[in-house]
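Spelled out, the chains give:
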Amino acid sequence: ENYSDLNIGPLKPAQENEGVDFDTNKIVFKTPKKSTVRNPPFKLVVSATQYRRNRKYKVSIVAEEYFDSFMVQARGRPTDDGNTSHVGSWVDIPSIGAIIRCRQNPRAAVVDKGRPLKLGNLTFTWKAPEADVGPIQFQTSIALNDAYVTIASEPLTFNNFPSYVAVGIGQDSKNLRNMDMMACQRDDNTVMLRHYLLEDSTSRPYRHRQRIRLQNFDVDRETDFVWCQFQRPINPSDRFDLDLTQRLHHFYFWGQLDNQSMSVIPILPDSNRLFKSYYDFNISEVYNEIVFESGILDFHSAGQTLKRPFIIASLPLSLMIMTLSNWRASL
């Protein structure tokens, strides 16, 4: 690639069609031509399919053979004048690389330093921008001999944390008929508690007529740890309330919210992300279930395994929901 039009300070290439060593400013290669190879021996691997504000992600060049030079960048929507926009910033790169400025972004792309070396697999860390900038696509140009190839990732969409973690209560552990559902929903720094009724596992949740109030919540911006607390009576206070003195199963799950819906309805997750209490029990009695197996929780009744410690605790008069961005949950 020709980097001569990029604002990289005093180390600009000496000639328009030649590359330089970043330290010696000596010419080390001539600008390669675009390759016509259909299946290049290189891949661009990204550690996520969505991005969030100020989060860090791994981007890797995976090579089946050595190459001579590279450039890696994250591109957003074209600017109003039709030029490429470079979004986010590169914060951790291999020692063989150098971060360069593109237009107004001082950490817009990574290039090699122009050493006469054979390069192989490389991994970079990219930090997402502070706001939603729309779909982002990573792109790398890799030069081998006298030709280069350009490889682009699948677009990453913005995830504004339109997610929830929920506890459900009901008698039907198989088909989830008439499951009462309390969902703690987070959208950035806003946390809400919503009450739903699920007719069965094939239906969508409907807003429950009875409102359960959110008593307390907190959001840790550094870890994205979120917790919320609510309280409901054991004995039904009206004809719409649930009788918690009955023996009922508990369900624990998380998922995404349907932002296309005017009322923002939770989307039920796949069955492998819906966990059930081993027994049906009376919540008015103190009940605790903490199951670890080599640091991994195993729900024997559902035959499912959550790959992180998972704690279930139900106490009289109150339930507490907590979650992390990677969906470790405690209820």
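About the cut-offs
Residues numbered from 1 in each chain as written. Predicted model: local features only at pLDDT ≥ 70, side-chain atom pairs only at ≥ 80, totals over all residues. Heavy atoms only, no water. UniProt positions renumbered as here; feature names shortened; annotations may be inferred. Helix = DSSP H or I, 4+ residues; strand = E, 2+ residues; numbered from the N terminus. Buried < 20%, exposed > 50% of the residue type's maximum accessible area, 1.4 Å probe, protein only. Contact = heavy atoms within 4.5 Å. Areas by Shrake-Rupley, 256 points an atom, 1.4 Å probe, with all protein chains shown as cover. Pairing = 2+ DSSP bridges. Axes fitted to C-alpha atoms, helices over the stretch in contact; angles between N-to-C directions. Core = buried A, V, L, I, M, F, W, Y, C linked by side-chain atoms within 4.5 Å. Disulfide = S-S within 2.5 Å. Salt bridge = Lys/Arg side-chain N within 4 Å of Asp/Glu carboxyl O. Polar contact = N/O pair within 3.5 Å; in protein donor to acceptor, adjacent residues only side chain to side chain. Phe/Tyr/Trp six-rings, centres within 6.5 Å; stacked < 30°, edge-to-face > 60°.

The name given to the protein in an unreviewed UniProt entry is DOMON domain-containing protein, with the source organism recorded as Tigriopus californicus. The UniProt entry for the protein carries the following comment under Sequence similarities (unreviewed entry): "Belongs to the insect defense protein family." In its Cofactor (unreviewed entry) section, the UniProt entry covering the protein states "heme b".

1. Considerations on the overall build of the protein
From N to C terminus, the protein includes zero helices and 29 strands. In the protein, buried positions account for 45% of the 331 residues. Considering only residue pairs separated by 6 or more positions, the protein has 56% of its internal contacts joining residues 24 or more positions apart. When the accessible surface of the protein is summed, it comes to about 18000 Å², and 46% of that surface belongs to carbon and sulfur atoms.

2. Details of the sheet that holds strand 8 (residues 89–92)
Reading across the sheet, the four strands line up as 4-6-11-8 and stay open at both edges, with antiparallel pairing between neighbours. Only two strands of the sheet have a single neighbouring strand rather than two, namely strand 4 (42–46) and strand 8. Taken pair by pair, the neighbouring strands of this sheet meet at an average axis angle of 30°, ignoring direction.

3. Concerning the nonpolar core
Judged by nonpolar contacts, the single largest core of 29 residues is most densely connected at Phe67, Phe70, Trp126 and Phe138. Only strand 4, strand 6 (56–63), strand 7 (69–75), strand 11 (122–127), strand 12 (137–144) and strand 13 (147–152) provide two or more residues apiece to this core. Looking at this core element by element, the count peaks at four residues for strand 6. Counting residues in each nonpolar core, the second largest holds 13 residues, with Phe251, Phe253, Ile265 and Leu274 among its members.

4. Some thoughts on the state of the cysteines
All told, the structure shown has one disulfide when counted by the stated rule. Linked covalently through their sulfurs, Cys184 and Cys228 form a disulfide whose S-S length is 2.2 Å. Of the two residues, Cys184 sits in strand 16 (residues 179–187) while Cys228 sits in strand 20 (residues 226–231), which places them 44 residues apart along the sequence.

5. A short note on the pattern of salt bridges
This model, assessed by the stated rule, comprises four salt bridges. For the salt bridge of Asp172 with Arg177, the shortest nitrogen-to-oxygen distance reads 3.2 Å. Put simply, Arg232 and Asp180 hold a salt bridge, and the shortest N to O gap is 2.8 Å. Separated by 52 residues along the polypeptide, Arg232 in the loop between strand 20 and strand 21 (249–258) and Asp180 in strand 16 bring together distant segments of the chain. Residues Arg232 and Asp180 agree in their burial class; the two are buried. Look at the salt bridges and you will find they share partners, linking Asp180, Arg232 and Asp241 into a network.

6. What about the side chain of Gln210?
Among the secondary structure elements, Gln210 is positioned in the loop between strand 18 (206–207) and strand 19 (214–219). A distance of 3.2 Å separates the side chain of Gln210 from the side chain of Asp241, its partner in a polar contact. When residues no more than four places from it in sequence are discounted, the contact partners of Gln210 are His195, Arg232, Ser237, Asp238, Phe240 and Asp241.

7. Quick look at the side chain of Gln185
Along the polypeptide, Gln185 turns up in strand 16. Judged by relative accessible area, Gln185 falls into the buried class, the value being 1%. Of the polar contacts made by the side chain of Gln185, one reaches the side chain of Tyr196; its length is 2.7 Å. Look past the residues within four positions of Gln185 in its chain and what remains in contact with it is Ser163, Tyr164, Thr190, Val191, Met192, Arg194, Tyr196, Leu257, Val264 and Pro266.

8. Remarks on the environment of Phe42
Mapping Phe42 onto the fold places it in strand 4. Apart from the residues within four sequence positions on either side, Phe42 is in contact with Val62, Ala63, Glu65, Phe67, Ile142, Leu144, Val149 and Ile151.

9. Topic: the packing of aromatic side chains
Here a ring pair, both rings aromatic, is described through the centre-centre distance and the interplanar angle of the planes. Counted according to the given criterion, the structure contains 11 aromatic pairs. Judged by centre distance (5.6 Å) and plane angle (50°), the ring pair of Phe70 and Phe124 falls under tilted. Of this pair, Phe70 sits in strand 7 while Phe124 sits in strand 11, and the two are 54 residues apart along the sequence. Taken as a pair, Phe70 and Phe124 share a single burial class, namely buried. Aromatic side chains Trp126 and Phe138 sit 4.9 Å apart centroid to centroid with 85° between the ring planes, which places their arrangement in the edge-to-face category. Separated by 12 residues along the polypeptide, Trp126 in strand 11 and Phe138 in strand 12 bring together distant segments of the chain. In this structure, Trp126 and Phe138 share a single accessibility class: buried. Grouping aromatic residues by their ring pairs yields a cluster made of Phe42, Tyr51, Tyr57, Phe67, Phe70, Trp90, Phe124, Trp126, Phe138 and Phe158.

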